[in-house]
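Summary of structural features
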Amino acid sequence: MAQDIVEFHTGQFSSVFITLNSTSLTVIKRNLNRKIQNSPSFFDNIAVILKFTPSLEKIDLIALKALFAEYRIQIIGVSDWQHDLQKEIILTANLPLLGKSGEILDILPQPRYLPTKVIEQSVSANQVIYAKNSDLIIHGNVEEGAEVAADGNIHIYGKLLGRAMAGVNSSSGAIYTQYLDAEFIAVNSRFIYKEKLPSEYRQSAVRIFAEKEKLAFSTF
């Protein structure tokens with residue numbers, strides 16, 4: 001399978017880790033265009049953390065910042081740099097230095113879980129629902145362009161057509177939906193876009209959970 005040019009990985013809610021696998025800004029722009037066409041509202045004003053890779057060392061980071069700004073994508077820092085030369089490249093582009101991606105998550109305090117957040121109607125386009133330190137129950141649909149997230153599980157007693165992220169700040173969690181046709185789903189930093197949803201689980205009642213380094217699906 002060909003390597004994705006621009007890889008997005010969910011981390012903290014409202015921030016996403018991004019790995020670039022090309023040194024060509026033209027190729028990166030073309031790949032971004034395709035991703036944004038598939039899920040335009042997901043990328044609007046999104047904050048990202050760049051993971052330093054050998055490719056990034058060969059890219060003009062100032063030009064990369066400008067390219068991302070065209071798409072309203074904000075780079076809030078660079079993680080996983082290894083030595084002084086890489087550090088200098090990052091600072092020259094006036095970008096914040098961050099630690100290793102795993103350490104960024106590890107230093108966060110363990111959350112104190114709260115009662116389940118219950119939404120009694122459908123979540124409409126451009127609406128964002130976040131259940132911090134709790135599970136989330138939705139008695140309705142998650143419409144296209146809507147976004148729901150929870151630090152625990154997400155239960156959708158309707159159709160999942162928009163975006164859903166479970167286990168945002170934890171190593172547990174799953175998504176349960178009566179009908180799967182989502183724009184984007186993520187559990188514990190594993191994620192998948194609509195075009196890669198397994199066809200055998202589309203339009204079915206499905207549980208989605210993390211298994212090793214990928215998402216797993218099971219019907220119910």
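Counting restarts for each chain, with residues numbered from 1 along the sequence as it is written. It should be noted that, the model being predicted, local features are given only for residues of pLDDT at least 70 and side-chain atom pairs only at 80 or more, the latter also being counted only at that level, while totals for whole chains, interfaces and linings use all residues. By convention in this description, side-chain values take in all heavy atoms of the structure and omit both hydrogens and water.

Naming follows an unreviewed UniProt entry, where the chain appears as Probable septum site-determining protein MinC of Pasteurella dagmatis ATCC 43325. UniProt positions are given in the numbering used here, feature names are shortened, and annotations may be inferred rather than shown by experiment. Under the heading Function (unreviewed entry), UniProt records this for the chain: "Cell division inhibitor that blocks the formation of polar Z ring septums. Rapidly oscillates between the poles of the cell to destabilize FtsZ filaments that have formed before they mature into polar Z rings. Prevents FtsZ polymerization." In its Subunit (unreviewed entry) section, the UniProt entry covering the chain states "Interacts with MinD and FtsZ."

Let us now look at the environment of Leu160. Relative to the assigned elements, Leu160 resides in strand E9 (residues 154-160). Exposure is judged per residue with a 1.4 Å probe applied to protein chains only, and the accessible area is read against the type maximum: over 50% gives exposed, under 20% gives buried, and values in between give partly exposed. With a relative accessible area of 0%, Leu160 lands in the buried category. It only takes one pair of heavy atoms within 4.5 Å for two residues to be counted as in contact. Those residues in contact with Leu160 that sit more than four places away from it in its chain are Val142, Ile175, Thr177, Tyr179, Leu180, Asp181, Ala182 and Ile185. The helix count covers DSSP runs of H or I at least four residues long, the strand count covers runs of E at least two residues long, and both are numbered beginning at the N terminus.

Further remarks concern the pattern of salt bridges. Any Lys or Arg side-chain nitrogen located within 4 Å of an Asp or Glu carboxyl oxygen qualifies as a salt bridge. The final tally for this structure, using the stated rule, is 5 salt bridges. The closest approach of N and O atoms between Lys29 and Glu70, which form a salt bridge, is 3.7 Å. One end of the pair, Lys29, is in helix H1 (residues 25-38); the other, Glu70, is in helix H4 (residues 61-70), with 41 residues separating them in the sequence. Here Lys29 falls in the partly exposed class, since its relative accessible area comes to 35%. On the basis of relative accessible area, Glu70 is assigned to the exposed category, the value being 53%. A salt bridge links Glu183 to Arg163; its shortest N-O distance comes to 3.2 Å. Within this pair, whereas Glu183 is found in the loop between strand E11 (174-180) and strand E12 (184-187), its partner Arg163 is found in strand E10 (residues 163-166), the two being separated by 20 residues in sequence. Classification of Glu183 as buried rests on a relative accessible area of 10%. The class of Arg163 is buried, set by a relative accessible area of 3%. It is possible to trace a salt-bridge network through shared partners that takes in Glu147, Arg163 and Glu183.

A few words now on the sheet that holds strand E15 (residues 214-219). Overall, mixed pairing links the 6 strands, which are arranged E5-E7-E9-E11-E14-E15 in an open sheet. Only two strands of the sheet have a single partner each, and these edge strands are strand E5 (117-119) and E15. Pairs of neighbouring strands in the sheet enclose a mean axial angle of 25°, with direction left out of account. Strand pairing is assigned whenever DSSP detects at least two bridges linking the two strands. Under this scheme, a helix contributes an axis fitted over its contacting stretch, all axes are lines through C-alpha atoms, and angles between N-to-C directions fall in the 0 to 180 degree range.

Attention now goes to the sheet that holds E10. Spatially, E6-E8-E10-E12-E13 is the arrangement adopted by the 5 strands of the open sheet, whose pairing is mixed. The strands lining the two open edges of the sheet, one partner per strand, are strand E6 (128-131) and strand E13 (190-193). Each strand of the sheet is rotated relative to its neighbour by a mean of 5°, with strand direction disregarded. Where E6 lies against strand E8 (residues 147-150), 4 bridges are found, and the strand directions are parallel. Residue pairing across strands places Val128 opposite Glu147, the latter belonging to E8.

Bringing H4 into the picture now. Where H4 is concerned, the buried positions are Leu61, Leu64, Leu67 and Phe68. Projected down its long axis, H4 carries its buried residues within an arc of 110°, all on one side. Exposed side chains of H4 directed beyond 90 degrees from the buried face belong to Ile62 and Glu70. N or O atoms within 3.5 Å of each other form a polar contact, as long as, within protein, one can give a hydrogen and the other can take it, and as long as residues adjacent in sequence are counted only when both atoms are side-chain atoms. Near the N-terminus of H4, the side chain that reaches the backbone nitrogen of Ile62, with its oxygen 3.1 Å away, is that of Asp60. Working note: the arc is built from the helix axis to C-beta atom directions.

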